[in-house]
Amino acid sequence: MILAVADHTQQPNTMEPGMEPQVQENTSTSRTEFLVSLSSKVDTMKELITRCSSSDQKSLDGELQTLIKQLEAVIRSMAVDLSKIPFSDLKNQFSQPGQTNADQQRFCREGESPVSASQRENNYEDFLKGIHEGTQRNDAKESSDILPPLAETLQPAYQGFFCPLTKKIMNDPVTIETGITYEREAIVEWFERSSENVICPTTQIKIKSTGFGSNLALKSTIKEWKERNEAMRIQIASSSLSLATSEAMVLNALKEMQLLSQHNKHKEHMHNVGITQQLPQLLRHDSMAVRCEAMHLLRSLVEDEDGKVIIARTRVLTRTIKMMSSYNSSERHAAVSFLLELSKSEMFLDKIGQTAGGILILITMKYNKEADPFAAEKAEEILKNLEKLPLNIRCMAENGFMEPLLDHLIDGSEEVQMDMVSYLGEIPLEDDMKTYVGERASNTLIQMISSGNPVIRREAFKTLVQISSHPPNSKILIDTGITPIMIDEIFSRRIHTESLDSPEEAAAILANILESDGIDFSNIKVNKNGHAISSQYSVYNLVHLLKCSMAEEVNANIVRILLSLAKLSKPLATVVSVVKELEVTQTIIEFLNSQLEELVTVAAKLLIALSSHIGDAIASGLAKTQGQPEGLIKNYDSKQISEKQAASANLIAKLPHTSTPLNLALLHQGTVPVVLSRIQEIQRGEIRASSMRHTAYYLEGLVGILVRFTSNLHFQEILQMAMTRDLASVFTDLLVRPCGSSEVQRLAAVGLENLSSQSLKLSKPPSEVRKPSRPVNIFSKSRSVTNQEGGRMVSTCPAHRGVCSSTTTFCLLASRAAERLLGCLDNENPEVVKAALSAISTLLDDSVEVVGSVRALSELGAVESVLRVLKVHREEEVLQRSLWLVERFLEKGNERLCREIYGNKVLSTMLVSTFHKGDGNTKKMAEKILRHLHRIMNLSSKSSVM
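In this report, we go over the structure that sits alongside the text. (Residues numbered from 1 in each chain as written. Predicted model: local features only at pLDDT ≥ 70, side-chain atom pairs only at ≥ 80, totals over all residues. Heavy atoms only, no water.)

Next up on the list: the overall build of the chain. When helices and strands are counted, the chain shows 49 helices and seven strands. Considering the chain as a whole, with its 946 residues, one finds that 52% of them fall into the buried category. A separation of at least 24 residues holds for 69% of the contacts in the chain among residues at least 6 apart in sequence. Within the structure as shown, the chain displays about 44,100 Å² of accessible surface, and the carbon and sulfur contribution to it stands at 48%. (Helix = DSSP H or I, 4+ residues; strand = E, 2+ residues; numbered from the N terminus. Buried < 20%, exposed > 50% of the residue type's maximum accessible area, 1.4 Å probe, protein only. Contact = heavy atoms within 4.5 Å. Areas by Shrake-Rupley, 256 points an atom, 1.4 Å probe, with all protein chains shown as cover.)

Our focus in this paragraph is empty space enclosed by the protein. Scanning all chains against the criterion turns up two cavities of 30 Å³ or more. What lines the second largest cavity is L867, L870, K871, N904, V906, L907 and M910. Its residues assigned to classes, the lining of the second largest cavity shows five nonpolar, one polar and one charged. (1 Å grid on protein atoms, 1.4 Å probe; cavity = no way out; pocket = protein on both sides within 12 Å on 5 of 7 lines; lining within 4 Å. Points joined across faces, edges and corners; volume = space filled by probe spheres on them. Nonpolar A, V, L, I, M, F, W, Y, C, P; charged D, E, K, R; others polar.)

Quick look at the environment of T435 now. Assignment of secondary structure puts T435 in helix α23 (residues 431-450). Residues within four places of T435 in sequence aside, it is in contact with H470, N473 and I476. Within the local environment of T435, its side chain forms a polar contact with the side chain of H470, the two groups lying 3.3 Å apart. (Polar contact = N/O pair within 3.5 Å; in protein donor to acceptor, adjacent residues only side chain to side chain.)

Another aspect to go through is the sheet that holds strand β2 (residues 181-183). Here three strands make up an open sheet; going across it, the order is β2-β1-β3 and the pairing antiparallel. The open sheet has two edge strands with one neighbour each: β2 and β3 (213-214). Note that strand β1 (residues 173-175) and β2 share three bridges and pair antiparallel. The partner of V174 across the bridge, within β2, is Y182. (Pairing = 2+ DSSP bridges.)

Of note, R291 is situated in helix α13 (residues 288-301). Polar side-chain contacts of R291 include one of 2.8 Å to the side chain of E331. Residues contacting R291, with those up to four places away along its chain left out, are L282, L283, H285, D286, R319, M323 and E331.

Note that soluble globular proteins tend to have their nonpolar side chains buried in a common cluster. Within the largest apolar cluster, 179 residues are counted, with the highest numbers of intra-cluster contacts made by L405, L592, F731 and F889. Tallying contributions element by element places helix α32 (residues 597-624) first for this core, with 13 residues. Each residue touching L592, except ones within four places of it in the same chain, is listed here: V600, A603, A604, L607, L622, Q628, L632 and L651. Core analysis: the next-biggest nonpolar cluster, separate from the first, contains 51 residues, A294, L340, I361 and L362 among them. (Core = buried A, V, L, I, M, F, W, Y, C linked by side-chain atoms within 4.5 Å.)

The next subject is the packing of aromatic side chains. In this structure the tally under the stated criterion is two aromatic pairs. Here the basic side chain of K366 rests over the ring of Y367, its NZ or CZ set 5.6 Å away from the ring centre. (Phe/Tyr/Trp six-rings, centres within 6.5 Å; stacked < 30°, edge-to-face > 60°. Lys NZ or Arg CZ within 6 Å of the ring centre and 35° of its normal.)

Take the pattern of salt bridges next. A full pass over the atoms with the stated rule returns 32 salt bridges. Across the pair R746 and E743 runs a salt bridge whose closest N-O atoms are separated by 2.8 Å. Separated by three residues within a single helix, R746 and E743 lie in helix α40 (residues 742-756), roughly one turn from each other. When its relative accessible area of 23% is taken as the criterion, R746 is described as partly exposed. Between E831 and K834 there is a salt bridge, and its shortest N-O distance comes to 3.3 Å. On the criterion of helical spacing, the pair formed by E831 and K834 is a turn pair, its members being three residues apart in helix α43 (residues 830-841). In this structure E831 comes out as partly exposed when scored by relative accessible area, which is 39%. By sharing partners, the salt bridges in this structure join E831, K834, E877 and R881 into a single network. (Salt bridge = Lys/Arg side-chain N within 4 Å of Asp/Glu carboxyl O.)

Take the side chain of E331 next. In this structure, E331 sits in helix α16 (residues 329-343). Relative accessible area serves as the criterion here: at 5%, E331 is assigned to the buried category. Setting aside residues no more than four positions away along its own chain, E331 makes contact with M288, R291, C292, M323 and S326.

It is worth spelling out the environment of F491 at this point. You can see F491 is positioned in helix α26 (residues 482-491). Sequence separation of F491 and A506 is 15 residues, and the distance between their C-alpha atoms is 9.9 Å. With near-sequence residues (within four places) excluded, F491 lies in contact with S538, N541, L542 and L545.

Another point: the packing of helix α21 (residues 403-411) against α23. Relative orientation of the contacting elements α21 and α23 amounts to 25°, with a least axis distance of 10 Å. Accordingly, the angle class assigned to the pair α21 and α23 is roughly parallel. Where α21 crosses over α23, the handedness of that crossing is left-handed. On the side of α21, the interface is formed by E403, L406, D407, L409 and I410, while α23 contributes Y436, V437, R440, A441, T444, L445 and M448. Among the residues making up the contact of α21 with α23, the classes are represented as eight nonpolar, one polar and three charged. (Axes fitted to C-alpha atoms, helices over the stretch in contact; angles between N-to-C directions. Parallel < 35°, antiparallel > 145°, perpendicular 65-115°, else oblique. Left-handed = near helix turned anticlockwise from the far one by under 90°.)

It is worth stressing that arrangement in space is one thing and function is another; only the former is reported here.
Shown next, in the form of structure tokens:
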């Protein structure tokens, strides 16, 4: 195929006198026939390639495979033909009779030293052998210097093209006085070096004038020859890519084209012969060197618009992005340099942005300057070019590169700002990015809200809601003066043509800000009159809005604001006062029936905060509300715990326990079985939750609901329920369950205390017990009596002087709750210890058999446990309860127990310290116990003397 191309190339027509071609064509008849045959095969190959390209996709497994096989056969046949060319003929072609060795050395490329004809002859032979052998195997080794000399072999230079001084082809030939032509720069330099007698370098004839004239005819001839020569080099390189199967020949062809592509006219030729279209396929080559060279050539070819148009029709971007992820720096640099060139054209801006992973990899490169400074610099330039398309800016922001979006948001035109704020409102931001956006864009966003453009206002509100959701941004937004603007939006809408209800977003932004910790509400001004957000003016207007007919989303955010204010005692008092004045308690209770989960959650939390002041009113209103209070417990998925579920349960638990209407409503609506079932499911791990905090809080609410029933045991219905459901055992179990928090343990202890206070009244003498449900025999020294009716031996409780059990009398001893309460005394939480001490104290009250209780508790190790409490805890209420128990042990205990207490050295030290530093009640208890110890000490001394 190469010979066929060469055969159609004409030699220069313009010749200077004395110029002779170094090669003369002498084509024999047999050679002509050979070339005709070879040309025919080339035509056949082109036809097959055309059919392959136009084949229907459905025929890929049939006709296309056949065409490929035919194409391979033609290529092999051509290679065989080429390999049979007699190299002696080629030698005759390159060497004419009478031609000197000096003539042959002028077969050279521009700017290179002359190459001998014999060397050029060997190059041509190696090239033909490489093609032939490459069709037989894939390991042919070609010289990397074959293709350039081969082009000059087929398109030879003339002797007159060479400067006699430089021995190189001339670029600017000039003729001197003797008629000899030289390169302009070379002859000028010769003249400057010569003395007074200037001679011609070639003829050695003395010349009178150093003047010369430009040889325009020769210059034009050389230019024409160079163009044909370079076109031939392109043809050979293109053919090499098509025929070569070895890496060396492909690399040689790519390097040759890379050199030629430095001129725009050659780029156009490469576009026309299909090289630009062919190169993307080489990006999948197994050799990394081939991929890199192909990428370098592509970058050069797409510098003009025609090259970009051709490349735009290929799938080169996907491969380029993959090469940018390469671990090899050469391949990575080649790819990013090529992409930079493409990014300069608008036709590639969307294509690059839409290529999967492209912008993400560029951003990664940009922020990886230390590892690869070159790639980082190029990536930054590409990203800058991509900013011309708004969608690319959005993609950058979604991948963590926010600077372009914020720059255009702050400094862009109104149209650009509209796009940017729209993107910003839709992109989910990480917390650190929310802070960055808040610092840079808060002022701009607030200005947008003050503008009259409803679209920009809507998007600005949406963005500020997201930014304000990150607590650290609260101070930034307050400093920008956002609070008065949001209050104004909530209280009075200025732009009534908006389709969006701006008070919803304004209330959400304000709620987000106020929910942050460390905010001084007194410094947050809401208007020019100096009113603070926590003032009577602000709270009154906010609470009044709850009575208006507003969207549930707005109500939810207003309740959030009030809930934030209720965190501190002074604003809480203001909220309570306004709620009472405007009588909106029932309105807030009605929110509990809302379908909006957020509104139910925050309403329940606000009612919990208000319960310490208006708990009775809340409990009464809840009991009168349709669907309540049972709706707070029963209307939930039993397998999923939400914040709403946890808040609802705790609302019921924290309302005044003595509210009989609420307790009876809960009982009659069947909430107790549901509560017990949920507690068991949590203990077994059968209920999921979005967080462990919700699980613990929900369990606290459920246990609190059970505890509230123990405050109304004087109602027969509630008492019967407590017996039937065995609440004593439930609370006892909760004391040690690992899923229970400290608050659960505290609540369980409170419930046991309330139940134990009824034990004495419920305990019956053995004569009155006909069929004890569960006769117990848990105390080794319990009194036993005979039941006259049944003749059976039953055990009596040492504390309550009757028959006790967990279900019938809630006895702490019979249910083994006392033992677990003593275990709670080791808890680090003083509230748990205090509740456990209070529950144990019910066994030492004057109304019970204290001596028997002391004996039973001492057997359980109560004395040691209480003394440990005195050693660890210094809280006033804990000390009082502990000292009271110690006093009871000393008063009602036997001598052994008293001496045990006296022997505790820590107790004496603590008592002395308490006697000097304690408050009134604690000091009196300490003094009383010290007297007991002194009496024991005196008795001990007398015994020693005796």
